[in-house]
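The chain contents come next:
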Amino acid sequence: MFDWVQLSGGDHILDFVTRSTGYQLPGIVIMLVMLALILGFICVSSLVLIWAERKVAARIQNRVGPMMTGPRKWAEFSMWTGGLLQTAADAIKLLLKELIIPSKTDAVPFIAAPILIVTVCVTAFVVIPFAPSFSVSDLNIGVVHVVAISSLTVLSIVMAGWSSNSKYSLLGGLRSAAQMLSYEIPLIFALLGPILLAGGLSMQKMVLAQREYGCWFALPSLLGFLIYYVASIAEVNRPPFDIPEAESELVAGYVSEYSGMMFAMFFLAEFANMFLVCSVAATVFLGGWMVPFMAVPDQPTAGYIVLGALVFFAKTSFLVFIMMWIRWTFPRVRPDHLMNLGWKYLFPLSLLNLVICAGVAVLKDVYHLNGWGISAVSVVSLLLVVLLLQLVRIPRPTSFLEQA
Amino acid sequence: MSEAIAFYLLSAMVLTSAWSVVRNENLFHAGLSLIVCFVGVAGIYVNLDAPFLGAMQVLIYAGAIAVLLLFGFMLTHDLMKVKQERNQHAAGIFGALLMASLLIGVILNAQWFPASGQLVKFGVESLASRYMKQDLVSFEVVAVLLLASLIGAVVIARKEEGGRE
Amino acid sequence: MGPQHPSTHGVLRLVLKMDGERVVDCDPVVGYLHRSIEKMAENRTFTQVIPVTDRLDYCTSMTSNYVYVLAVEKLADLTPPPRAEYIRVIMTELNRIASHLLWYGTFCLEIGATTPFLYSFRDREKVLDLFESACGARLLYNYIRIGGVSQDINQAFLDRMIEFLDYWEPIIPEYEQLLDENPIFYNRTVGVGIVPLEMCRHYGVSGPNVRASGVAEDVRRDDPFAAYSELEFDIPVEKECDVFARYRVRMRELRESARILRQCFEKIPSGPHGLPLNYRFKVPEGETYVHIESPRGDIGCYLASSGGDMPWRCKFRTPSFVHIQLFKKLLEGVLIPDIMAICASFDIVLPETDR
């Protein structure tokens, strides 16, 4: 039985180069090549995601979005094929702008902040399993690596807030940092459920554990999935949790002093982070690169690898789309409600999720249930949780109910 | 070979940033250097085949504790006007020499490899089984300690705000 | 919070004294949009003042026209023909719909939901198209004249109006769906910005804001003008006095406006659309005060004439001016996001405040 976990993307490249030229590439060259690939992937995916965000927003808001850039014939064909070069145009514009470093700001954190945030993003992408046996390096601490490295984005925001040299944007940056730190807790605890079920931290192992269990981890750990999703929206500072960006309507936000490419770095990092957390969710909760209802073959075939990659992108894109949908639907959450939500609701629920997952794991080990059995048990336990939650329902104002 | 290169690079990073923490005039820059130091130490852990420890170092020290430290700096009024006293050179050199002799003595006399000469590989699983089986009591005690400090922090914060939520 | 900020209140300046995140003291500073409309009115003939009143509250230009014209008619003792009264009701109610839609869009924008803005403006465009077919202008109409209206409306206009209502009334629940059931929304609006009844009385709050505090006070019912005495409509009242209640009152008023418009369609008589008057006519000496119900509240006009063909003194009592005074008391102790929610819920427009 082929051990899908042992290979990584670098191994494939090394193998390919060795087979075609007979030359043994040193490890460091492979490392640099893989890093360049990730950087390229992040840039391209951010470009695509920014375009997709504008189109999704336009569709939800009954408009068409960018249509003027790109081939006109395509734009006339449909809304979804127009304006394809818009993000490229924006990127070129930002590249050509002058990088202004205000004189009163502290230059070290000012310049370090955008660099750090992109570096963090690139580093966290190292463990994402894009395809069967195809992550850059499948560390055996996979999930924890992503979470730990992502916690450094808080630092970047703190540095950006500090270097703006304005008390209000400093407070805005601090508040954003507090938000991100608070929501890391439910994020990590929500991930503990699948870690328990999989018995390990490695990302590829998580995907394969879902094959062992016969069902996606989203089922036994549905609470965990939802909590992880909500917490990750808060981590990425997206609406409805975009207090730092909303503050910029009233006072200068933490990115107010940035111009040109430095601003583009923050923007790029936001979308790349969005892709990152959605891909982690897709891997850990939705089965990663496994094709539904199709068994994983014993030997790696190029066809299955490509199919796996496509399935992975489909799942991640779906989650990213929902994030965009949520952004344009909901109003903004007030900061104290946000803290309330994170500490008083999401955190206890994630502990409850851990208990449920532990129960499911024990049941599997003792009774050797297959996928359907686990699904059944999960559904029952989740119904019980829903009934339990009815006791803590939020009361509604009375006069609201009369009008149809 | 690559481990050696990595070790030297990381050590250089840790040592220079630690020097910057101690000697930098700008307190905020000192805080940032502390973060670089923590990340470098995390790199050393990874180099020593303890990636979990390295990730925890980044998550807890660089990601939370150092950020909290920076919060403290940022909320201090007129940070740049904080004067640093630099007139305790004699005591500093004496303390450093004492510490150095202690450390060198320990390093030279320590048993670095077990008697059998075999390398024992630790991983997350062995760490977890130790926590949950042999060292369970100390694990729980630490958890209770953290809980107590958390509650204490909340109590202190409430009192300072004068009863406001 | 300076006179320029991205929210669409207009040029309101709030000087806020903050303690961390809470507001300790608030001082609204108005006057950035002062154009001396009342002084301009003294140098123009009575008919020439009407375009100037357009700019008094440009979101509900018909209402501003009307309050001034009503004052002139009362002083000059003129009775417009019944068709003109019905046309005035139609225009005022359509303007109420347009204004509430604009309010809804900007209110949601303040709260942070960007999408409802586009939905409400899509439908507001249709109302503005109706106005354009009736009087040629989309925002500043100069339509309600002394003795009637400037041009007649024809059956095609009324048919298009009913078409619009048939299309639009089923959409009102769509506006509410986005927000009503949303915990984020009513965590931000329920219990926020409570204006108890005595505070309303103290400050003279009127319109939907006082109806959200439990009092069924509406100038259309209490002091009927135009053809309102012949029409049947309810007055929506809510008891909670908070931002959510004000939002609910305005959404229900949208439905009531649709109901009034349908009744006008049935009942509108034929006949002349205005009195044949000279362009420059003299109004007998005297003074009067009239008030009508604008979408913002109770707008009043005090008119004094010295017998000539220009007003002697014309003063407008505008609801936004009164409501802004509430902010000093209301905004104490709230967080910054609540400031936006509360300011937006009162539906103030600065041109009306500063005149």
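A quick note: this is a predicted structure, and the numbers were derived from the prediction, not measured.

Caption draft 1: Here's a closer look at the overall build of chain C. For chain C, the helix and strand inventory stands at 15 helices and seven strands. In terms of overall dimensions, chain C has C-alpha extents of about 65 × 45 × 35 Å along its principal axes. Summarising the internal contacts of chain C: among those between residues at least 6 apart in sequence, 72% fall at separations of at least 24.

Caption draft 2: Region of the structure containing the overall build of chain B. When helices and strands are counted, chain B shows six helices and zero strands. Starting at the N terminus and ending at the C terminus, chain B contains elements arranged as α-α-α-α-α-α. Out of the 165 residues belonging to chain B, those deemed buried represent 16%. Taking the intrachain contacts of chain B between residues at least 6 apart in sequence as the baseline, contacts between residues at least 24 apart amount to 47%.

Caption draft 3: Looking closely at the interface of chain A and chain B. On the side of chain B, 19 residues touch chain A, which itself brings 23 residues to the contact. Secondary-structure elements contributing two or more residues to the side of chain A that touches chain B are helix H5 (107-124), helix H6 (142-150), helix H7 (153-163) and helix H8 (167-198) of chain A. It is H6 of chain A that provides the largest number of residues to the side of chain A that touches chain B, a total of five residues. Taken together, the residues that form the side of chain A that touches chain B break down as 18 nonpolar, four polar and one charged.

Caption draft 4: Highlighting the pairing of strand S6 (residues 297-305) of chain C. Residue and element names in this part refer to chain C. With seven of nine residues buried, S6 is to be regarded as a mostly interior element. Judged from the nine bridges that link them, strand S5 (residues 286-294) and S6 form a sheet pairing that is antiparallel. Bridge pairing in S6 links Glu 287 to Ala 304. When S6 meets strand S7 (residues 311-317), the two strands line up antiparallel, connected through six bridges.

Caption draft 5: A look at the environment of Glu 212 of chain A. Residue and element names in this part refer to chain A. Mapped onto the fold, Glu 212 is located in helix H9 (residues 203-213). Looking at Glu 212, the number of C-beta atoms within 10 Å reads 12, which means it is exposed. Each C-alpha atom of the pair Glu 212 and Ser 20 lies 36 Å from the other, and the pair is 192 residues apart in sequence.

Caption draft 6: Quick peek at the packing of H5 of chain A against helix H12 (residues 260-286) of chain A. Residues and elements named next belong to chain A. Where H5 contacts H12, the two axes come as close as 9 Å, and the packing angle between them is 25°. Judged by the inter-axis angle, H5 sits roughly parallel to H12. Where H5 crosses over H12, the handedness of that crossing is left-handed. Packed against H5, whose contacting residues are Pro 114, Ile 117, Val 118, Cys 121 and Ala 124, the element H12 presents Met 262, Met 265, Phe 266, Leu 268, Ala 269, Ala 272, Asn 273 and Leu 276 at the interface. The residue makeup of the contact of H5 with H12, split by class, is 12 nonpolar, one polar and no charged.

Caption draft 7: Spotlight on the interface of chain C and chain A. Counting residues at the interface gives 32 residues for chain C and 23 residues for chain A. Mapped onto the side of chain C that touches chain A, the elements with two or more residues apiece are helix H4 (82-111), helix H5 (115-135), helix H7 (172-180), helix H8 (183-189), helix H12 (243-267) and helix H14 (336-345) of chain C. Of the residues that constitute the side of chain C that touches chain A, the class distribution is 17 nonpolar, seven polar and eight charged.

Caption draft 8: Structural detail: the sheet that holds S5 of chain C. Residue and element names in this part refer to chain C. On the basis of which strands lie adjacent, the open sheet formed by three strands has the order S5-S6-S7 and antiparallel pairing. Two strands lie at the open edges of the sheet, namely S5 and S7, each paired on one side alone. Between one strand axis and the next, the sheet turns through 15° on average, direction left out of account. On the sheet, helix H3 (residues 61-76) packs against S5 and S6 and is oriented at approximately 150° with respect to S5.

Caption draft 9: Layout of unusual backbone geometry. All names here are of chain C. Even without a glycine there, the phi angle at Asn 142 is positive, about 55°. Tracing the chain through its elements places Asn 142 in the loop between H5 and strand S3 (144-145). In this structure, Asp 347 takes a positive phi of about 55° despite not being glycine. Relative to the helices and strands, Asp 347 resides in the loop between H14 and helix H15 (350-354).

Caption draft 10: Highlighting H4 of chain C. All names here are of chain C. Counted at 1.5 Å a residue, the expected span for H4 with its 30 residues is 44 Å, and the 43 Å between its end C-alpha atoms agrees. The buried fraction of H4 is high, at 28 of 30 residues. Backbone geometry just after H4 places Gly 112 at a positive phi near 120°.

Caption draft 11: Main features of the arrangement of the chains. The interface with the most contacts, out of two pairs of chains in contact, is the one formed by chains A and C. Regarding chain B and chain C, the two do not touch, and the least distance separating their C-alpha atoms is 11 Å.

The rules behind the values
- Residues numbered from 1 in each chain as written.
- Chains lettered and ligands numbered in written order.
- Predicted model: local features only at pLDDT ≥ 70, side-chain atom pairs only at ≥ 80, totals over all residues.
- Helix = DSSP H or I, 4+ residues; strand = E, 2+ residues; numbered from the N terminus.
- Contact = placed C-beta atoms within 7 Å.
- Buried ≥ 20, exposed ≤ 12 C-beta atoms within 10 Å, placed from the backbone.
- Nonpolar A, V, L, I, M, F, W, Y, C, P; charged D, E, K, R; others polar.
- Pairing = 2+ DSSP bridges.
- Axes fitted to C-alpha atoms, helices over the stretch in contact; angles between N-to-C directions.
- Parallel < 35°, antiparallel > 145°, perpendicular 65-115°, else oblique.
- Left-handed = near helix turned anticlockwise from the far one by under 90°.
- Expected span 1.5 Å × (residues − 1).

This is a description of form; function is not addressed.
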